[in-house]
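Reading the structure
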Amino acid sequence: MLKILNIVGARPNFMKMAPIIAAIGNAASRGAEISQILVHTGQHYDEAMSASFFRDLQMPPPDINLEIGSGTHAEQTAKVMLAFEPVLIEQKPDWVVVVGDVNSSLACALVAAKLNVKVAHVEAGLRSFDRAMPEEINRILTDQLADLLLTPSADADANLLKEGIAEEKIVRVGNVMIDTLFTQLERAQSSVILEQLSLQPRGFAVLTLHRPSNVDNAATLRQIFSAIERIAVELPVIFPAHPRTQARLKEFGITPPPQVRIIEPLGYRDFLKLWSNSRLALTDSGGLQEETTALGIPCLTLRENTERPITIEQGTNRVVGREPSRIIAAALEVLRAEQNEPRRIPDLWDGHTADRIVEALLKF
Ligand code: UD1
């Protein structure tokens, strides 16, 4: 019996892990010798940042919750390590599966590697080449620790090979978050978020913003909001705001005009219904760059770089930085275009990535 210990910690992990849990369950019910345990580190803990995702994505509740909560990077990473080590010693799994690039993923991968438990990293190989991003450090180190590197796209494979990762450890499986997107698209239709906010399909833009590099500096945040205000003259901008960003807006005394509608963070289905009906997404999220690519919604990334270049080469994403004139020009171009630019869904972003992940685990 192959025993898998799945790790989730923060909001962007849940939509990546849900299809893996389902695929392992399916494999077991077809007679495969595989079992699983779900560990939540508790990095995210609010109803809106965690519990609502378990409901929307029909995930089983975690078997174990480490409840580590917020803290500095060192505190958070160290707390996860301290809490996870005894769990790992007791559970003795064959594999620890981590997804993405949050602090919890690196912390659990490091504990597992030291205890000689095999680590599989889902979404391996993405690189922004910007080490000022905490996630870039997490990505590089998690990939160095992993025994099995499950990648979403060819650029990720190339990055890993350049870093000296052995080719036989790399398996390109596609983008697991898109499995969840396709599964939930139909179900999200029952969301009444557009009615609640009195919005017409294609009559609004969506904004998400939470990167420390964008929101923790008053001048940068003001600069971004000056561009958003100009865009909001054209159409309402709906902004489900991350708790970090809400706190900073208050701290810096930034009060956007009413056309920029700040709302609480949304659950998966409401948010899917919202952005998939928007005219334009403005974001610094990694996930939304990929999701908009899969559905062909124009996306402007408010960062200087992206670890997901395939969303630019094949998808609907453009990296526009934080300079207001550039953001505004790009947004107006999108709004004035008759039609969205043609797009291509990248290879293996087909809704079957989780099955390929389970196959790789069983085969390894
Ligand atoms: C983390 C991830 C980031 C991911 C993001 C999605 C790291 C290094 N960063 O950043 O990659 O894109 O999650 O949200 O792992 N807070 C709450 N309630 C919660 C969780 C957090 O209010 O449930 C507040 C706390 O004030 C906390 C702050 O948000 O200090 C930041 O949370 P944290 O987990 O440190 O990082 P994120 O910015 O969410």
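Scroll up to find the structure this text is about.
Residues numbered from 1 in each chain as written. Predicted model: local features only at pLDDT ≥ 70, side-chain atom pairs only at ≥ 80, totals over all residues. Heavy atoms only, no water.

Bringing the overall build of the protein into the picture now. Within the protein, the regular secondary structure consists of 16 helices and 13 strands. Overall, the C-alpha framework of the protein stretches about 60 × 40 × 40 Å when taken along its three principal axes. Split into buried and exposed, the 364 residues of the protein put 59% on the buried side. Considering only contacts in the protein between residues 6 or more positions apart, those separated by 24 or more positions represent 68%. Total accessible area computed for the protein in this model is approximately 15000 Å², and 51% of it derives from carbon and sulfur atoms. (Helix = DSSP H or I, 4+ residues; strand = E, 2+ residues; numbered from the N terminus. Buried < 20%, exposed > 50% of the residue type's maximum accessible area, 1.4 Å probe, protein only. Contact = heavy atoms within 4.5 Å. Areas by Shrake-Rupley, 256 points an atom, 1.4 Å probe, with all protein chains shown as cover.)

This brings us to empty space enclosed by the protein. One pass over the structure, following the stated rule, counts one cavity of 30 Å³ or more. In this structure, the largest cavity spans a volume of roughly 70 Å³. Lining the largest cavity we find K16, V122, E123, L150, T151, P152, V173, G174, N175, V176, M177 and E290. Only β6 (148-151) and α7 (176-188) provide two or more residues apiece to the lining of the largest cavity. (1 Å grid on protein atoms, 1.4 Å probe; cavity = no way out; pocket = protein on both sides within 12 Å on 5 of 7 lines; lining within 4 Å. Points joined across faces, edges and corners; volume = space filled by probe spheres on them.)

Moving on, we come to the sheet that holds β6. Spatially, β3-β2-β1-β4-β5-β6-β7 is the arrangement adopted by the seven strands of the open sheet, whose pairing is parallel. Every other strand in the sheet has two partners, leaving β3 (64-65) and β7 (170-172) as the edge strands with one partner each. The sheet contact formed by β6 and β7 spans three bridges and is parallel. Paired with L150 across the bridge in β7 is V171. Sheet contacts for helix α1 (residues 11-29): β1 (2-8), β2 (34-40), β4 (95-99) and β5 (118-122); angle to β2, the most-contacted strand, approximately 155°. (Pairing = 2+ DSSP bridges. Axes fitted to C-alpha atoms, helices over the stretch in contact; angles between N-to-C directions.)

Attention now goes to the packing of aromatic side chains. This structure, assessed with the given rule, holds four aromatic pairs. Seen from their ring centres, F14 and F53 are 6.1 Å apart, and the 35° between their planes marks the pair as tilted. Here F53 lies in helix α2 (residues 47-56) and F14 lies in helix α1, a separation of 39 residues in the sequence. F53 shares its class with F14; the two are buried. With a centroid separation of 5.9 Å and 50° between ring planes, the pair formed by F225 and F239 is classed as tilted. Taken together, the residues span a long stretch of sequence, with F225 in helix α10 (residues 218-234) and F239 in strand β9 (residues 237-240) at a distance of 14 residues. Each member of the pair, F225 as well as F239, carries the same accessibility label: buried. Pairwise contacts between aromatic rings join F14, F53 and F54 into one cluster. (Phe/Tyr/Trp six-rings, centres within 6.5 Å; stacked < 30°, edge-to-face > 60°.)

What follows covers the environment of L2. Within the fold, L2 resides in strand β1. In this structure L2 comes out as buried when scored by relative accessible area, which is 19%. With 21 residues separating them along the chain, L2 and A23 place their C-alpha atoms 14 Å apart. Look past the residues within four positions of L2 in its chain and what remains in contact with it is E33, I34, S35, D94, W95, L361 and L362.

Now for the layout of surface pockets. Of the volumes computed, that of the largest pocket is approximately 1100 Å³. Around the largest pocket sit 45 residues that line it, and P12, H44, M49, H210 and H242 are the ones nearest its centre. Secondary-structure elements contributing two or more residues to the lining of the largest pocket are α1, α2, α3 (73-91), α5 (134-145), α11 (243-251), α12 (268-276) and α13 (286-295). For the lining of the largest pocket, a count of residues per class yields 19 nonpolar, 16 polar and 10 charged. Mapping the lining of the largest pocket onto the domain boundaries places at least three of its residues in each of domain 1 (2-174 + 349-363) and domain 2 (190-336). (Nonpolar A, V, L, I, M, F, W, Y, C, P; charged D, E, K, R; others polar. Domains from an automatic or database assignment.)

Moving on to the sheet that holds strand β10 (residues 260-263). With parallel pairing, the six strands of this open sheet are ordered in space as β10-β9-β8-β11-β12-β13. The sheet terminates laterally at β10 and β13 (317-319), the two strands that pair on one side only. The average angle at which neighbouring strand axes cross in this sheet is 20°, direction not considered. Inspection of the sheet shows strand β11 (residues 280-283) paired to strand β12 (residues 299-301) by three bridges, in the parallel sense. Counted as the bridge partner of A281 is C299 from β12. Its contacts with the sheet place α12 against β8 (205-208) and β9, and it is angled at close to 130° to β8.

Remember that the coordinates give geometry; whether it matters functionally is a separate question.
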